[in-house]
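Listed here are the chains, written in short residue letters.
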Amino acid sequence: MASREFNVRALPGFGAVAIFTLVMLYLPIIILVIFSFNESQSQSAWGGFSLKWYVAAFNNSQVIDVSVRSLWLALVAAGIATVLATLAALATTRVGRFPGQTMIYALINQPLMVPEIVTGIALLIFVAFLKVQTGYAGMGYMVAAHTAFCIPFAYLPIRARLETMDLTLERAAADLYATPVQAFTYVTLPLLVPGIVAGFMLGFVVSLDTVVITEFVKSAGQDTLPTYMLGQLRRSVTPEMNAIATLFLALSLVVVSLFFLITRKRG
Amino acid sequence: MPDGDGQSGNEIEIEAVGKVFGQGDTAFHALSGIDLTIRTGEFFTLLGPSGCGKTTLLRVIAGFEHPTSGRLRIKGQDVVGQAPNQRLVNTVFQNYALFPHMTVAQNIGFGLKMLGRPRAEIAATTDEMMHLVKMEAMAARKPSELSGGQQQRVALARALAPRPRVLLLDEPLSALDLKLRKEMQTELKRLQVETGITFVFVTHDQEEALTMSDRLAVMNQGRILQLGSPHEIYHAPTERFVADFIGETNFLTLNVIAVQGRGADLALPGGRTIAARVAEGLTPAVGTTVSAVIRPEQARIVPQGTGELSATVEGAVFFGTDTHIHLRLSDGQPFTVRRQNNDDLADPAKGETVGLSLTPGALQVLRG
Ligand SMILES: Nc1ncnc2c1ncn2[C@@H]1O[C@H](COP(=O)(O)OP(=O)(O)OP(=O)(O)O)[C@@H](O)[C@H]1O
Ligand SMILES: [Mg+2]
């Protein structure tokens, strides 16, 4: 018997499973978006189209405050994490084997395996100690905690990119009189850009998203958008939250599309 | 940047170079006792089977590997310890290694840019190089938009642009189809003659090595077995491996009857005696058996009873320009004769007994 090529579409129930999965993934989000335009305060009954919850969100200075904080924190933390992750990735792929290399690799990736709550509590205790010792209670702790949390996420795509890169390209550069610094600047770095962008995006999204880390590290008045929303939801659920969530959804779509365009152009 | 001191002298001197990978029980001798002098302006070829250390030797010359032992001089200057970017040697890599994010022109200009040459000079040389390899029309393309042969030409132009003293080429033609390969062989030879740059060319294709080189070295298992002109390597192989690796050969096991100077008299099956050349460094003893070689085109089929040998025809294979006739000598040793198909000769019939006439002085006694 000539075996035909395996075709997943031919499996019984393929269509049903696909539709069910898509619905489970996107239906809640679609409902969230729809009700952000609801005239009434209900999350279940449609009361007509309105932008009033968006207006309310934009007039809510607290929302603006925490959003701005979330964004700059994510930018700064992801930025620093990306630089550190790039250096770590270069050290673990380009320096040749050194004692303790496997150990270092494990240490960099370990935070991905540790439950976030453990990291959160550890940070809580550590930061509380530092606050007492130094008397400083500013955003520095949040930046440091978010950066540390982002590093393994930024590290993964950068390392993957370095590992799949053809080493003879760097050799060719050296052969053509490039110093090690020039070879890095003109050959390695440009080819690494998609990995760096991906690492930054991942770090950015992770920082923007984390509730646990922020919750345990923040001082009074250092809420980010997720912790603020969580606090609000405990009291009352208004479509204003839907509106804010929808805006963030739009932002992340823009970021993802940009990333897609950048990496595709670099091909 | 050749300093214009003419076409004479030695470009690369390699003395007792060895390269060991790994240590202890897992140590692997990729190169052992390599002694080699490459002359300025010559087309030098390293020929050998896969894994014999050709790439390793090129990498030692380019500076990507440090020899475990021995000395290496380029134009009289000891370069062991010099980084690749400090050596006036450029490489055409086995997989081309073109920079994928740069255009053809940027690739070609890269070396000059790294040397800090003025923009105008880079542009002029890049144009000249693109003209040399006939790639002017594709200056703005990326390597991914080129065919294999075009990529190969860009790699060549990129390595030539800084005008290195020496160009190392690691099987640059192996990825090309036969027709393109022949074209590029001619092109490479032309470029070498035009630029006067010393070429060190690596291949495992014996025909390519014979047609292109001024001199070649045959390698096996990390050693150089024989070094010489294509003519010497083909007609006067010193070892069985060399004779076998280059072209087709008849090996004969024969008795030594007399030895005089650089020659020996050997007893042929059937009782006749023939004079043979002896490989350098070898003095066979009278009465011993030796291994001797003769190329299939150095024997002719003649009527039965004439010639030095008598043989039975076992079959004939048609190759277009020539026919290989497989025979068995009277003592059972196999023998092949290559006959040019320039006359409308009929193939001898299977089972027929014929005579064989050997070209005088063609038989060579091998080492080992
Ligand atoms: N970094 C290394 N570590 C260990 N062994 C190596 C290393 N590089 C090469 N070798 C070994 O050295 C030998 C020679 O390798 P080399 O690449 O020089 O072969 P080659 O003659 O170029 O072969 P090919 O025609 O297949 O390219 C091979 O057996 C190879 O396995
Ligand atoms: Mg090789």
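Residues numbered from 1 in each chain as written. Chains lettered and ligands numbered in written order. Predicted model: local features only at pLDDT ≥ 70, side-chain atom pairs only at ≥ 80, totals over all residues. Heavy atoms only, no water.

Would you take a moment to explain the overall build of chain A for this structure?
Secondary structure assignment for chain A yields eleven helices and zero strands. The secondary structure elements of chain A, listed N-terminal to C-terminal, are α-α-α-α-α-α-α-α-α-α-α. Computed over the C-alpha atoms, the radius of gyration of chain A is 23 Å, more than 25% above the 18 Å expected from 2.2 N^0.38 for a compact globule of 267 residues. Dimensions of chain A, computed from C-alpha atoms along their principal axes, come out at roughly 75 × 70 × 30 Å. A burial count over chain A gives 38% of its 267 residues as buried. For chain A, the proportion of contacts with a sequence separation of at least 24, taken over those separated by at least 6, is 72%. Here chain A has roughly 15200 Å² of accessible surface; of this, 72% comes from carbon and sulfur atoms. Separation between the mean location of the 16 positive side-chain charges and that of the 12 negative ones in chain A comes to 3 Å. (Helix = DSSP H or I, 4+ residues; strand = E, 2+ residues; numbered from the N terminus. Rg over C-alpha atoms; globule rule 2.2 N^0.38 Å. Buried < 20%, exposed > 50% of the residue type's maximum accessible area, 1.4 Å probe, protein only. Contact = heavy atoms within 4.5 Å. Areas by Shrake-Rupley, 256 points an atom, 1.4 Å probe, with all protein chains shown as cover. Lys, Arg positive; Asp, Glu negative; His and termini not counted. Charge placed at Lys NZ, Arg CZ, Asp CG, Glu CD.)

Got a minute to help me understand the overall build of chain B in this structure?
For chain B, the helix and strand inventory stands at eight helices and 20 strands. Projected onto its principal axes, the C-alpha coordinates of chain B cover approximately 75 × 50 × 45 Å. Out of the 368 residues belonging to chain B, those deemed buried represent 50%. Long-range contacts, defined as pairs at least 24 residues apart, comprise 67% of the intrachain contacts of chain B with a sequence gap of at least 6. With 36 positive and 40 negative side-chain charges, chain B shows a separation of 4 Å between the mean positions of the two kinds.

Is there a simple way to explain the sheet that holds strand S8 (residues 198-203) of chain B in this structure?
Hydrogen bonds along the backbone pair up the strands of a sheet, which may run parallel or antiparallel. Residue and element names in this part refer to chain B. The strand order across the open sheet built from six strands is S6-S7-S8-S3-S9-S10, with neighbouring strands paired in mixed fashion. Every other strand in the sheet has two partners, leaving strand S6 (89-92) and strand S10 (223-228) as the edge strands with one partner each. Ignoring strand direction, the axes of neighbouring strands in this sheet form an average angle of 20 degrees. When S6 meets strand S7 (residues 166-170), the two strands line up parallel, connected through four bridges. Within S7, the residue paired with Val92 across the bridge is Leu169. Most of the contacts of helix H4 (residues 148-160) go to S6, to which it runs at about 175 degrees, and overall it touches S6 and S7. Sheet strands in contact with helix H5 (residues 178-195) are strand S3 (43-47), S7 and S8, and its direction is about 155 degrees off that of S8. (Pairing = 2+ DSSP bridges. Axes fitted to C-alpha atoms, helices over the stretch in contact; angles between N-to-C directions.)

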